[in-house]
Amino acid sequence: MSITHDAVRQYEELVQPDRIHASLHSDPQVFLDELERIWYRSWVYIGHESEVPEPGDYVRKKFGLQPVILTRGTDGEVHVLLNKCTHVANLVCHEERGHTKAFRCPYHGWTFGLDGTCLSLPFRKAYGDDPHKEERALAKPALIGRYRGFVFASMSADVPDFMEYLGRGKDAIDQLCDLSPAGELVLTAGWLRHLTRSNWKIGLEGLVDGYHPGFVHRSMLSTVGTEYNIDASDTTYELARVRDLGNGHGDLDWRDQYHITDEEFQWMTGGTREKLLSYVAKLEEAVGPERAHQLLVDGPPHTYIFPNLFIGELFIMVLDLVSPSAHVQMETPVQWKDAEDLNLRNMHQTHAAIGPAGMILADDSAMVERNQQGLNALKPEWLVRDRGAAREEVIDGVKRGYMSDDTAILAFWSRYRQLMAS
Ligand code: FES
């Protein structure tokens, strides 16, 4: 099936409750429609305030395919600017990150402030009294939303309220940030960039797929002395759940499983309070021993926030679009404020898991790239996504399945269908 441009009804049909049409991962027209209907018509994660801590700091980001700059203005406010000179479209910022008083376009020298204002035009007399002064400012998204340092933006003003969109994703951000004695993240450890030759949706499906680890990561699991029961409905991960958090967000929730033994640091290989004395002491001082124990048992979340942010327990991943058949997975180790010993350990653990020689992400990338290659086969047209549907339950308004079920993947597709068919 090929997609026509008037495709609203087709998108309703191409995403079924238990299957999706394979063309959604490969058709170039679908990619263009996604830009228009998802990326430029809903909230998208941009970056973290801690990446621009001081007035004058900036870092380049992407908004779908659009280049943007996250800045900290001289007034201390965070801004998101489209990286496109209002003269003839040159990038006004080429460096990945840095500190500046202004952005000077390299082509004809127009200069813009950290809030996007056009500050100066070379050979000023040619512009007379400058009737287009306001139009010369760098463009901005229609809306900015911020929560505990996480900065989101929307190109459209016709979107749900930011906190309504974030929904239960807010709980995941709280769970992550509360592990800091100061309650804050400091994402300054640098970024890994993995060019992945697959459609972005294939990549994200794997983030909340609790089915594959027993196969794809078997060698890593045996190295660290762990087993993974792929059925996950009886013993090994009896109480862990995959959840549909609403609005396209989903997670793998380990907390009930961790509560069985009530042990701290089950989420960090080799982590114990004896090895992290300074961090634990600061956390206990900040929130009290009881709350600290609860936080250290629960650990960080494993949560996907629609459409491009993944909190992967010990690292943050952002999905950057490239083309219908490629995306870049950008990852940085979580660094918690006032948690130096934990941060150092986590940096090493993240490198071991998802670094260039890491034991997890390379295996995952191989799988999703093979998925993309398989899509060149035109039959069968449908990809069946129904694992666990018969045993899902709803508790407190949240749909839950066993760890290996498709519940969170289908949460994404439900929201995808809603936006693509709107
Ligand atoms: Fe930027 Fe001309 S393109 S000043």
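Worth saying up front: this structure is predicted, and the values here are computed from it rather than measured. (Residues numbered from 1 in each chain as written. Predicted model: local features only at pLDDT ≥ 70, side-chain atom pairs only at ≥ 80, totals over all residues. Heavy atoms only, no water.)

Draft legend 1. Quick peek at the pattern of salt bridges. Using the criterion set out here, one finds 24 salt bridges in the structure. Between Arg 273 and Glu 264 there is a salt bridge whose closest N-O contact spans 3.0 Å. Among the charged side chains, a salt-bridge network with shared partners connects Arg 148, Lys 170, Asp 174, Asp 178 and Arg 291. (Salt bridge = Lys/Arg side-chain N within 4 Å of Asp/Glu carboxyl O.)

Draft legend 2. Structural view of the nonpolar core. By size, the foremost hydrophobic cluster in this structure holds 95 residues, and its most contacted members are Phe 150, Phe 152 and Tyr 279. Ranked by the residues each element gives to this core, the list is headed by helix α13 (residues 407–420), at seven residues. When neighbours within four sequence positions are excluded, Tyr 279 is seen to be in contact with Leu 179, Pro 181, Phe 265, Leu 296, Ala 339, Asp 341 and Leu 342. Cys 85, Val 92, Phe 103 and Cys 105 belong to the second largest nonpolar core, which has 14 residues in total. (Core = buried A, V, L, I, M, F, W, Y, C linked by side-chain atoms within 4.5 Å. Buried < 20%, exposed > 50% of the residue type's maximum accessible area, 1.4 Å probe, protein only. Helix = DSSP H or I, 4+ residues; strand = E, 2+ residues; numbered from the N terminus. Contact = heavy atoms within 4.5 Å.)

Draft legend 3. Summary view of unusual backbone geometry. Omega for the bond connecting Phe 306 with Pro 307 falls within 30 degrees of zero, at 0°, which places this linkage in the cis form. Mapped onto the elements, Pro 307 comes out in the loop between β16 (302–305) and β17 (309–312). Cis geometry is found at the peptide bond from Lys 379 to Pro 380, where omega equals -5°. The backbone phi angle of Asn 247 is positive, close to 60°, even though this residue is not glycine. Counting through the fold element by element, Asn 247 comes out in the loop between β14 (241–246) and β15 (249–253). On the accessibility criterion, Asn 247 (31% relative accessible area) is partly exposed.

Draft legend 4. Region of interest: the sheet that holds strand β5 (residues 66–72). Strand order across the open sheet formed by four strands is β6-β5-β4-β7, with antiparallel pairing between neighbours. Sheet topology places β6 (78–82) and β7 (97–99) at the edges, where each strand pairs with a single neighbour. Taken pair by pair, the neighbouring strands of this sheet meet at an average axis angle of 30°, ignoring direction. (Pairing = 2+ DSSP bridges. Axes fitted to C-alpha atoms, helices over the stretch in contact; angles between N-to-C directions.)

Draft legend 5. Representation of the sheet that holds strand β20 (residues 382–384) within the structure. Pairing within the open sheet is antiparallel, and its three strands lie in the order β1-β2-β20. Edge positions in the open sheet fall to β1 (15–16) and β20, since each of these has one partner strand only. Pairing between strand β2 (residues 19–21) and β20: three bridges, direction antiparallel. Bridge pairing in β20 places His 21 opposite Trp 382.

Draft legend 6. Here's a closer look at the packing of aromatic side chains. This model, assessed by the stated rule, comprises 19 aromatic pairs. Summarising the aromatic geometry, the rings of Trp 39 and Trp 200 are spaced 5.1 Å apart at their centres and angled 75° between planes, so their arrangement reads as edge-to-face. Taken together, the residues span a long stretch of sequence, with Trp 39 in helix α2 (residues 28–39) and Trp 200 in helix α5 (residues 200–207) at a distance of 161 residues. Summarising the burial analysis for this pair, Trp 39 and Trp 200 share the class buried. Measuring from centroid to centroid gives 5.1 Å for Phe 412 and Trp 413, while their planes differ by 80°, and the two rings are edge-to-face. Trp 413 carries the same exposure label as Phe 412, and that label is buried. By way of ring pairs, the aromatic residues Trp 39, Trp 200, Tyr 304, Phe 306, Phe 412, Trp 413 and Tyr 416 are connected into one cluster. Sitting above the plane of the Tyr 402 ring, Arg 241 keeps its charged end 4.2 Å from the centroid. (Phe/Tyr/Trp six-rings, centres within 6.5 Å; stacked < 30°, edge-to-face > 60°. Lys NZ or Arg CZ within 6 Å of the ring centre and 35° of its normal.)

Draft legend 7. Examining helix α11 (residues 340–354) more closely. Here α11 spans 21 Å end to end across 15 residues, near enough to the 21 Å set by a 1.5 Å rise per residue. Looking only at α11, the buried set comprises Leu 342, Asn 343, Asn 346, Gln 349, Thr 350, Ala 353 and Ile 354. Along the axis of α11, the buried positions cluster into a sector of 130°, meaning they face one direction only. Buried residues belonging to α11 abut β13 (192–196), α9 (277–287), β18 (315–323), β19 (326–333) and α12 (361–374). (Expected span 1.5 Å × (residues − 1). Arc of directions from axis to C-beta.)

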